[in-house]
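This is what each chain is made of:
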Amino acid sequence: MTTTTPKLPEAVLPDVLENPPARSRRSSAPTADRTALSVSDWRRPRVRRTWNTMHVVLLVVLVVWCVGPLLLLGKFAITPTQDILRTPLAIFPNGVKWSNLYEAWFDINISKYFVNTVVLAAGSWVSQMLVATTGGYVLSVLRPRWAKYAQALVLATLFVPAVVLLVPLYLIILHPPLVDHSLVNSFWAVWLPAGASAFNVVLVTRFFDNLPREIFEAAKVDGAGPFRLFWSIVLPMSKPILGVVSVFAVIASWKDFLWPLLVLRNPDLQPLSVRLPSLEATTDKGTLMAAYAIATIIPILMFLVFQRMFLRGAGLGGAVKG
Amino acid sequence: MTSHALVDRPSRRRTPVSWVRGGGLTTLVFALPMLVIFGVFSWAPIVKAVVMSFQKTNLIVTEWVGLENFQRVFADPVLPMAVRNTAYFALLALIFGYPVPLIAAVLMSEVRRAKGLYSALAYLPVVVPPVVAVLLWKFFYDPRPEGVFNTIIGYVGIPPQPWLQSATSAMPSLVLEATWAAAGGTVIIYLAALTAVPTELYDAAEVDGASVWGKVWHVTMPQLRGVLLITFILQIIGTAQVFLEPYLFTGGGPANATVSVLLLVYRYAFQNSLGGNYGMATALSLMLAAFLAVMSLVYFRLTRSWSTS
């Protein structure tokens, strides 16, 4: 959504995404992927010892600094409240309390907010995919005379900071055009603005630009119309970029806070991110930590499953804060 | 750009019929989602922001007030604090968060086994929902001696700290969490840039007898300067709009020590007992955007000769 739209100047885009990715995971040519240290550097005992030590230290730092807080969260989720408050770092001094998870899911209705979060993410994904693929198709493949103006207008929004949109966008949701009732407390208020991601349109257009034109011509000769070409040729050939756009659409929606806070005032409609801060003060710590863990597990699982897409997309600057 | 790849255009005069036959209507159908969504949810709010900053509205009656919104923003005694805090946040975020991902990425690019594990670990905090991260860290910053961080620093003999409760340590505490949440993304950007360094340069440096550190310093670093310049300004643009950390950690306290500019915009519009002051909110957000735009232009002008990418 508006507050998390990634921004980047075109210069950050490396070639990776513009060419369909190579099939094999490891390149067999050793000369192609050398780094600052050469093979002969690695043969020298002193270099080898220094760098191996640094790598072990780095691994320990990464585990403690990046994963440590999450491991603690996982531990808290199944620890009795008294132990969380008195001895937060002790490992289960008084046993494990699995019922934290049960209490979070049922007693404080995390299940409901979880479903809201999933529905919001799914709708935002549909909206972003629809706008990015059809928009990219127009700008890259159909190319009407006015394409360059549309492209410029879309690109220009990349340079407008999200902060400018916040208040006026809220007022537009309050009094949307053509619809005579407010979209506040409607999922559409989150789904529709999510589609306006210039970053997605740029990524998809760039990818379409690099698809071989001969295939389009051949399909046209065989009688495929623009819809057929879009659905049966362009989209299936673009799975790599659609995967990247998809995982970032879902994660961005899951992470979003400010926008759903503004437009979904009814607690029954709020996603986890909006609901958790208001539960913080009144909920038992054990239950609360279980709720945090439930809110975190889906993005983490998605990351573990689609790791390569995440890292490829993040290399494009997708993680840069807008 | 000039070839119309798929649409056969008649060279005759264009009429509505020839436009539809030539595929103009189909193209428009495909373009509709993009035009409508960007029009209504991107361009309309941008235009509206400019208009609203010169207006006063209670959503029923709207009147033009000239520069009054801007004058009232400047008269707000909280504004200088918000600007100072935001600048301080951005500065601390650079000190904490700018060199570390670079060092980590350079080290990681030399890893020979399980390279993927390193980048996965580094990136993991980025996918954690920011609200959960902030609330979890808020618990870590528990000022009691039994708090998580106070327990840890107690191991090395440091007395318990007030963290978020004190005006001096609140902001660094916010930045520490923000760095935890964001650094992984920067690491991955640098790793991607490192794979693009031309390998012949390393070969050439070796022929000239460069040491390992010589290669890192004289080949890798200069080759990264383009991406380093960009991540620098992007980080400043991002941190200048910090909202979540002050809002959830401290609500701007203690004693406005962590109020950020965006938190002030939010307060004007949505936490106002007198009803939302949308004019002042848009005026302040436009000034922030204008400042960022001018700063970026000056930055790229100044560094243009330096980055030859």
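Once a new chain begins, its residue numbering starts again from 1 and follows that chain's sequence as written. Labels follow written order: the first chain is A, the first ligand is 1, and so on. Local features in this predicted model are restricted to residues whose pLDDT is 70 or higher, and side-chain atom pairs enter the listing and the counts only when it is 80 or higher, whereas totals over whole chains, interfaces and linings include all residues.

A count of helical and extended segments in chain A gives 16 helices and 0 strands. Every C-beta atom is placed from the backbone, and the number of other C-beta atoms within 10 Å of a residue's own sets its class: buried at 20 or more, exposed at 12 or fewer, partly exposed in between. Taken over 322 residues, chain A has a buried fraction of 45%. Every helix listed is a DSSP run of H or I at least four residues long, and every strand listed is a run of E at least two residues long, numbered separately from the N terminus.

Quick look at helix α9 (residues 198-209) of chain A now. Here a helix's expected span is defined as the number of its residues, less one, multiplied by 1.5 Å. Its 12 residues place the ends of α9(A) 16 Å apart at the C-alpha level, agreeing with the 16 Å of an ideal helix rising 1.5 Å per residue. Most of α9(A) is tucked away, with 10 of its 12 residues classed as buried. Within α9(A), burial applies to A:Ala198, A:Phe199, A:Asn200, A:Val201, A:Val202, A:Leu203, A:Val204, A:Thr205, A:Phe207 and A:Phe208. Note on contacts: each residue gets a C-beta atom placed from the backbone, and two residues are in contact if those atoms are within 7 Å. Its buried side turned inward, α9(A) meets α5 (110-142), α6 (147-156), α11 (226-237) and α12 (239-255) of chain A together with α2 (24-52) of chain B.

Tallying the contact residues gives 91 residues for chain B and 92 residues for chain A. It is α2(B) that contributes the most residues to the side of chain B that touches chain A, 20 residues altogether. Amino acid classes used here: Ala, Val, Leu, Ile, Met, Phe, Trp, Tyr, Cys and Pro are nonpolar; Asp, Glu, Lys and Arg are charged; the rest, including Gly, are polar. For the side of chain B that touches chain A, a count of residues per class yields 67 nonpolar, 19 polar and 5 charged.

On to the domain arrangement of chain B. On domain assignment, one finds that chain B holds domain 1 (16-52) and domain 2 (70-303). What fixes the domain bounds is an automatic or database domain assignment. Spacing between the C-alpha centres of domain 1 of chain B and domain 2 of chain B amounts to 36 Å.

Bringing the confidence of the model for chain B into the picture now. Residues and elements named next belong to chain B. pLDDT gives the predictor's per-residue confidence on a scale running from 0 to 100. Counting all residues, the mean pLDDT for chain B is 88, and 95% of those residues have values of 70 or more. A low-confidence stretch, residues 1-5 stays under pLDDT 50, and its non-local contacts, those more than four residues away or across chains, total 7 contacts. Two numbers describe this predicted complex: its pTM, 0.87, and its ipTM, 0.88.

What follows covers the environment of A:Met309. Residue and element names in this part refer to chain A. Structurally, Met309 can be placed in helix α16 (residues 307-315). Sequence separation between Met309 and Val247 is 62 residues, and the spatial gap between their C-alpha atoms is 7.5 Å. In this view, Met309 contacts Gly243, Val244 and Val247; residues no more than four positions away in its chain are not counted.

Below, the discussion takes up the nonpolar core. Note on definitions: a nonpolar core is a set of buried residues drawn from Ala, Val, Leu, Ile, Met, Phe, Trp, Tyr and Cys, linked by C-beta atoms within 7 Å. A:Tyr292, B:Val265 and B:Leu284 are the most contacted members of the largest nonpolar core, which totals 169 residues. For this core, the leading source of residues is helix α9 (residues 167-195) of chain B, giving 18 residues. Taken together, domain 1 (16-52) and domain 2 (70-303) of chain B each give at least three residues to this core, which thus spans both. With sequence-adjacent residues up to four places away left out, A:Tyr292 is seen in contact with A:Leu73, A:Leu276, B:Val132, B:Leu135 and B:Leu136.

Residue and element names in this part refer to chain B. You can see Ala257 is positioned in the loop between α12 (244-250) and α13 (261-270). Residue class for Ala257 comes out buried when judged on the 20 C-beta atoms lying within 10 Å of it. It is 9.5 Å that separates the C-alpha atoms of Ala257 and Pro246, two residues lying 11 residues apart in sequence. In contact with Ala257, not counting residues within four places along its chain, are Asn85, Ala167, Ala170 and Met171.

Moving on: unusual backbone geometry. The omega angle of the peptide bond from B:Gly253 to B:Pro254 is -15°, so this bond is cis rather than trans. Examined against the element boundaries, B:Pro254 turns out to sit in the loop between α12 and α13. Although it is not a glycine, A:Asn109 sits at a positive phi angle of roughly 60°. Relative to the helices and strands, A:Asn109 resides in the loop between α4 (99-107) and α5. Located in the positive-phi region is B:Ala255, a residue other than glycine, with phi close to 55°. Looking at the secondary structure, you find B:Ala255 in the loop between α12 and α13.

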